[in-house]
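Architecture and fold: a report
Listed below are the residues making up each chain.
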Amino acid sequence: MASGSVLTPYAALSRRKSALFEARHGLGYSLFRSKQDELEIEATHTVHRSLSAKLVRLSIRNRGSAARKLRVYGYAEWVLGNNRSRTAPFVLAEWQEASKALLATNPYSIDYAGRTAFFAIDGGTASYTASRREFLGLAGGILAPHAVLSGTELSGSTEVDGDACAALATDLTIEPGSERQITFFLGDADSSDQVEGILGELRAGAFDKVLEASKTFWSEFTGVVKVETPDRAFNHMINHWLPYQSLGCRIMARSAFYQASGAYGFRDQLQDTLAFLTHRPELARAQVLNAASRQFVEGDVQHWWLPGSGAGVRTMISDGVVWLAYAVAHYCTVTGTKDILDEKLPFIVGPALEEGQHDSFYKPEIADEVADIYEHCARALDLAIKRTGANGLPLILGGDWNDGMNRVGEAGEGTSVWLGWFLAGALRDFLPHARERKDQPRVARWETHLDIVKRALDEAGWDGDYYRRGYYDDGTPLGSAESDECRIDSIAQSWSTLSGEGDAERSRRAMDAVMAELVDPEKRIVRLFTPPLEKTKQEPGYIKYYPPGVRENGGQYTHAATWVVLAFATQGRAEEAWRAFQMLNPISHARNRDDAEHYRVEPYVVAADVYGEGALAGRGGWTWYTGSAGWLYRAGVEGILGIRQRGERLAIQPVLPEHWDGYSAEVRLNGATHRISVSRDRKTGELIVSVNNSVTKNAHEGILL
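Procedures and definitions
Residues numbered from 1 in each chain as written. Predicted model: local features only at pLDDT ≥ 70, side-chain atom pairs only at ≥ 80, totals over all residues. Heavy atoms only, no water. Pairing = 2+ DSSP bridges. Helix = DSSP H or I, 4+ residues; strand = E, 2+ residues; numbered from the N terminus. Salt bridge = Lys/Arg side-chain N within 4 Å of Asp/Glu carboxyl O. Phe/Tyr/Trp six-rings, centres within 6.5 Å; stacked < 30°, edge-to-face > 60°. Buried < 20%, exposed > 50% of the residue type's maximum accessible area, 1.4 Å probe, protein only. Lys NZ or Arg CZ within 6 Å of the ring centre and 35° of its normal. Axes fitted to C-alpha atoms, helices over the stretch in contact; angles between N-to-C directions. Parallel < 35°, antiparallel > 145°, perpendicular 65-115°, else oblique. Left-handed = near helix turned anticlockwise from the far one by under 90°. Contact = heavy atoms within 4.5 Å. Nonpolar A, V, L, I, M, F, W, Y, C, P; charged D, E, K, R; others polar.

By the bridge criterion, five bridges tie strand S31 (residues 672–680) to strand S32 (residues 687–691) in an arrangement that is antiparallel. Bridging from a neighbouring strand, serine 677 pairs with serine 690 of S32. The turn linking S31 back onto S32 is made up of six residues, and glycine 685 within it adopts a positive phi angle of 80°. Pairing of S32 with strand S33 (residues 694–695) involves two bridges; the strand directions are antiparallel. Residue pairing for S33: serine 690 is matched across the bridge by valine 695. Counted along the chain from S32 to the antiparallel partner S33, the turn is two residues long, and its residue asparagine 692 has a positive phi close to 50°.

One pass over the full model with this rule turns up 56 salt bridges. The partner of arginine 285 in a salt bridge is aspartate 339, with the nearest N and O atoms 2.9 Å apart. Taken as a pair, arginine 285 in helix H8 (residues 281–292) and aspartate 339 in the loop between helix H9 (320–335) and strand S16 (344–349) lie far apart in primary sequence, 54 residues in all. Several salt bridges converge on common partners, so that one network encompasses Glu369, Glu375, Arg379, Asp382, Asp439, Arg442 and Arg445.

What follows deals with the packing of aromatic side chains. Taken as a whole and judged by the stated rule, the model has 41 aromatic pairs. Considering the side-chain rings of phenylalanine 90 and tyrosine 108, the 5.3 Å spacing of their centres and the 55° angle between planes classify their relative orientation as tilted. Within this pair, whereas phenylalanine 90 is found in the loop between helix H1 (84–87) and strand S6 (92–96), its partner tyrosine 108 is found in the loop between strand S7 (101–105) and strand S8 (116–121), the two being separated by 18 residues in sequence. What makes phenylalanine 90 partly exposed here is its relative accessible area of 37%. On the accessibility criterion, tyrosine 108 (62% relative accessible area) is exposed. One aromatic cluster is present, formed by Phe217, Trp218, Phe221, Trp241, Tyr244, Phe276, Tyr604, Trp624 and Tyr633 through successive ring pairs. Just above the ring of tyrosine 29 sits the side chain of lysine 215; from NZ or CZ to the centre is 4.6 Å. The side chain of arginine 314 reaches across the aromatic face of phenylalanine 296, ending 3.6 Å from its centre.

Between helix H15 (residues 558–570) and helix H16 (residues 574–584), the shortest axis-to-axis distance is 8 Å and the interhelical angle comes to 160°. The angle between the axes of H15 and H16 places the two elements in the roughly antiparallel class. Crossing handedness for the pair H15 and H16: left-handed. Of the residues in H16, those touching H15 at Thr558, Ala561, Thr562, Val565, Phe568 and Ala569 are Glu576, Ala577, Ala580, Phe581 and Leu584. Taken together, the residues of the contact of H15 with H16 break down into eight nonpolar, two polar and one charged.

Written out as structure tokens, the structure is:
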């Protein structure tokens, strides 16, 4: 305090250009370090496994020869809603003496009016304030808070001033060679009455135990599949970061910097949980039931919904009705169980969309009608079949997988080639369940439609060298060599293979076109389509209003790019699959300082999109909250390594690039660890698969577990 220096472990909050900072991110924690003025400062962040609390331990070691007197400040800005500028006037703060904590509530919140947030430390609090204006100052900001620069005590104010925060201060004296630690707690409770008990438990526990519990949880989850290949970047993503990103961000939190609602997407979490059927099949089972409970009696579904209230959006997006059957069929195949089909759930009811209405947000009611999961899936497929265009392809309506193409078929005539492939594959996979249940009317109807849609895909879908993306309402092809823009779209090509319904030769030519037109080795991206939609006279939808090369509009949309990897692997094209995977691996975009500076986003998690045009081509966009994490994990494990569970069998069908001499892996299933070794015969180049030290000749057919 005597020197007036301001120190921080966070580079983003420092104005010292000469100071060195280190940031480390691990599974379940982050660590920030700096050394300044003979003080080593370290802040370790983690989250409690069972309590709704974030913990930040600040460690300060005095490397000097004199004792240091410090005033340590902790600061949080309350949101308590989805937009701080909107909620700030309604946030009420108080100091709870019993728990020695600053509390905050938003009594005007529609869904969370009774909840209480808290901010506290594990030692004594010298002073506090709930006034953001006081802490930052009239002309100050987060980089130069008035209270910190002046070193003053905080006033203890909790009066309503329309701009609440939580700021705490405590004083420390650190002798030479000594270290002091303080832990900050930021959390949430059902009510203010619970805060004292929660903080009592937090303060009584050791920070190291909380940190270790978090690390153990993630180690156990990511450790279900462990691989060792010649490529360290591949190993890191498969063994650690991809499952961490997908489970932590997409399934558990459903929140990130770019999307913070906590909502469930009907398609989204179904796909995410399918990536971890080997790890925790109960995640997918629970999500299937969760999704089925958001299906209207007519067969369509909520596109997304809020878990607390069930309020969500009913749309004309056309592919949602196919995902449930796809997910259930895949779940049954991998787990080898079918009892999920007998689970019973009610439908929901609510106002249907009016003619010309794209969507409607409201809270539906629970219907009286209850049906098993088989019926939920079947009713959705029936609706998908009903929505068939004049050319035999599915109607695209308010958009399909690509929400941004929401005006291609808004008049009810436009069709989707991609959805044709997806529906065909789902029908094929779900038909055995209908046959087992002797649901003959549906068996007949679905088999007939499968023939119809496959014929339409061969005729209306084929463009000569690859597959079209679809048709506008007026019959104009989309994703065709005739098109000025969006001449080729990757998902119509990849799903001709992934659906299992495409002509092998045509599908191969289609993927050749993807490699030639969409895989860009210079920018190291795999574009969704090219050229971007910008000047076309057609009105495809809001996608056209993204700048060219941004997000779905001609940039890399990584979700779709993972399907490119899987399609190449399915075709046995190892070099192409590997080349595409490397482009999607974020580590490959930050191997040196210049690359990292251009990429600009985290090099250890997948970006949802990477810019595809102009000077910014190759720069990362939206990160963390993206379904491409789960799909890229599947592309690596199932596609390239070829490891797939099929009920009580484990199939291994590697598709490895030539420069790999093999790989080893451990897969933990039902409490038993299975050791896989793949080596390449030096003379023939043939891959030899060994499971549990026993060579397996027909490993692709599966070994009995």
